[in-house]
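Analysis of the macromolecular model
Residues per chain are reported as follows:
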Amino acid sequence: MNEIQLKYGCNPNQKPSRIYMEDGGDLPVKVLNGKPGYINFLDAFNGWQLVKELKAATGLPAATSFKHVSPAGAAVGLPLTDTLAKIYWVDDLGELSPLACAYARARGADRMSSFGDFIALSDVCDADTARLIKREVSDGVIAPGYTDEAMELLLAKKKGNYNIIQIDENYVPAEIERKQVYGVTFEQGRNELKIDKDLLSNFVTKNKDLPEQAEIDMKIALITLKYTQSNSVCYVKGGQAIGIGAGQQSRIHCTRLAGQKADNWFLRQSPQVMGLQFVDGLGRADRDNAIDVYMGDEYEDVLKEGEWQKRFKVKPEVFTAEQKKAWLAQNTDVVLGSDAFFPFSDNIERAHKSGVKYIAQPGGSVRDDLVIECADKYDMVMVFTGIRLFHH
């Protein structure tokens, strides 16, 4: 198939719309079910590139949860702890396959942002992963294949209209890519940069001790940033992104946004949040929203009389600023990646508050010496990659 006609483009008024191969060849994808739209395919193709590279860089199955052409989460298939299984709402599913663990992590890191996501999987979708996907609010999935049991589960989703795309994992795109803006064609070479150990060898801080897990997490951070709308910053821990700041004009705003998401990920593991008693029948999305508000500055919205009864069996105690600060102080060994250099040391100061120990960034700022000095103050390990990873 050389082209697929779409209902419309980014918005309903943008017609006609299609995806097609300019060279007349076959598309590298097959739509197995549903009717994916313009934005669905943008998410699918960006997500597929991300997970394919994560798998190549780490040797582990990978998954990502995409929303509006940036990842809300990305992860590799490491086993889940009991705590993570509980905060990701998968503790009732028993032991999961590595691919299912990868998606549980990708979806669970920022569940508010992942609501209605498009999923990309590095490996053939198995029954465990399909079972997890079936219960989440999602627009579709792209993978190199699906087992018969996985297809049966996914075909039952959204009244049979769930978008299921199969991609040719051996497809190699052209070296030159093009797009049009305002009738003008832009052309550039594809970003084929390989994120590997050699890229992470230029240590600029006094501390140069980079454990194996931190190196894996740096690869995850940089590959995730490679497919995140810039400016972008990514916090990673234990094989998964825990906070992604995308599309901000100021880098410090990226660092703060992603840092707040990383903080929320860790706060969800606190006794105060783990101990919340939800009313029977409250859906996962409503629980996620209640938790998000409870942990934030507007907590009174879910704790005031007449509101808490809609969500909780027992009225929760206020999660005080002092309690949150004490809990967050226990989060350590976090990796931070940036798609461009840090122009000021305020980014390092903010990263420190979210437990960052390891940093990967291009370097090249006129204030690199001040940034390195700040990292040394906190005994951080920082590498300069020398490579910018802007994505637009």
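Just above, that's the structure.
Okay, so let's go over this structure. Everything numeric here is computed off the predicted structure, so don't read it as measured data.

Considerations on the overall build of the chain
- Within the chain, the regular secondary structure consists of 15 helices and 15 strands.
- For a compact globule of 392 residues, the expected C-alpha radius of gyration is about 21 Å, and the chain comes in at 21 Å, within 12% of that figure.
- Each principal axis of the C-alpha distribution contributes one length, and for the chain these read about 60 × 55 × 40 Å.
- Within the chain, the proportion of its 392 residues that are buried is 53%.
- Counted over contacts in the chain with a minimum sequence separation of 6, partners at least 24 positions apart contribute 57%.
- Approximately 18,400 Å² of the chain is accessible, and the part contributed by carbon and sulfur atoms is 50%.
- Across the chain, 47 positive and 54 negative side-chain charges occur, with their mean positions spaced 4 Å apart.

A short note on a negative patch on the surface
- A surface patch of negative charge is lined by Asp297, Glu298, Glu300 and Asp301.
- Within the secondary structure layout, Glu298 lies in the loop between helix H10 (284-295) and helix H11 (300-303).

Observations concerning the packing of helix H5 (residues 127-134) against helix H6 (residues 148-155)
- Contact geometry of H5 with H6 gives a least axis separation of 8 Å together with a crossing angle of 10°. Regarding the angle of H5 to H6, the classification is roughly parallel. Of the residues in H6, those touching H5 at Ala127, Ala130, Arg131, Ile133 and Lys134 are Glu149, Ala150, Leu153 and Leu154.
- Residues of the contact of H5 with H6, tallied by class, amount to six nonpolar, no polar and three charged.

Comments concerning the packing of aromatic side chains
- Counting across every chain of the model gives six aromatic pairs.
- A centroid spacing of 6.2 Å and a plane angle of 75° characterise the contact between Trp89 and Phe278, whose relative ring orientation is edge-to-face. Here Phe278 lies in the loop between helix H9 (271-274) and H10 and Trp89 lies in the loop between helix H2 (82-87) and helix H3 (98-108), a separation of 189 residues in the sequence.
- Relative accessible area serves as the criterion here: at 12%, Trp89 is assigned to the buried category.
- Among the aromatic residues, ring-to-ring pairing joins Trp89, Phe278 and Phe312 into one connected group.
- Lys157 extends its terminal NZ or CZ atom over the ring of Tyr162, reaching a point 5.3 Å from the ring centre.

A closer look at the pattern of salt bridges
- Inspection of every chain in the model, using the stated rule, returns 26 salt bridges.
- The shortest N-O distance in the salt bridge between Arg18 and Glu3 comes to 2.6 Å. With Arg18 in strand S2 (residues 17-20) and Glu3 in strand S1 (residues 3-6), the pair connects residues that are 15 residues apart, well separated along the chain.
- Classification of Glu3 by relative accessible area gives partly exposed; the value is 27%.
- With a shortest N-O distance of 3.3 Å, Lys357 and Asp379 are connected by a salt bridge. Placement of the pair is Lys357 in strand S14 (residues 356-361) and Asp379 in the loop between helix H15 (368-377) and strand S15 (381-384), with a sequence separation of 22 residues.
- Note on Asp379: relative accessible area 41%, which makes it partly exposed.
- One continuous salt-bridge network, built from bridges that share partners, spans Arg107, Arg111, Asp117, Glu136, Arg268, Arg284 and Asp288.

Quick notes on the rules
Residues numbered from 1 in each chain as written. Predicted model: local features only at pLDDT ≥ 70, side-chain atom pairs only at ≥ 80, totals over all residues. Heavy atoms only, no water. Helix = DSSP H or I, 4+ residues; strand = E, 2+ residues; numbered from the N terminus. Rg over C-alpha atoms; globule rule 2.2 N^0.38 Å. Buried < 20%, exposed > 50% of the residue type's maximum accessible area, 1.4 Å probe, protein only. Contact = heavy atoms within 4.5 Å. Areas by Shrake-Rupley, 256 points an atom, 1.4 Å probe, with all protein chains shown as cover. Lys, Arg positive; Asp, Glu negative; His and termini not counted. Charge placed at Lys NZ, Arg CZ, Asp CG, Glu CD. Patch = residues over 30% accessible without salt bridge, like charges linked within 9 Å, V, L, I, M, F, W, Y side chains within 5 Å. Salt bridge = Lys/Arg side-chain N within 4 Å of Asp/Glu carboxyl O. Axes fitted to C-alpha atoms, helices over the stretch in contact; angles between N-to-C directions. Parallel < 35°, antiparallel > 145°, perpendicular 65-115°, else oblique. Nonpolar A, V, L, I, M, F, W, Y, C, P; charged D, E, K, R; others polar. Phe/Tyr/Trp six-rings, centres within 6.5 Å; stacked < 30°, edge-to-face > 60°. Lys NZ or Arg CZ within 6 Å of the ring centre and 35° of its normal.

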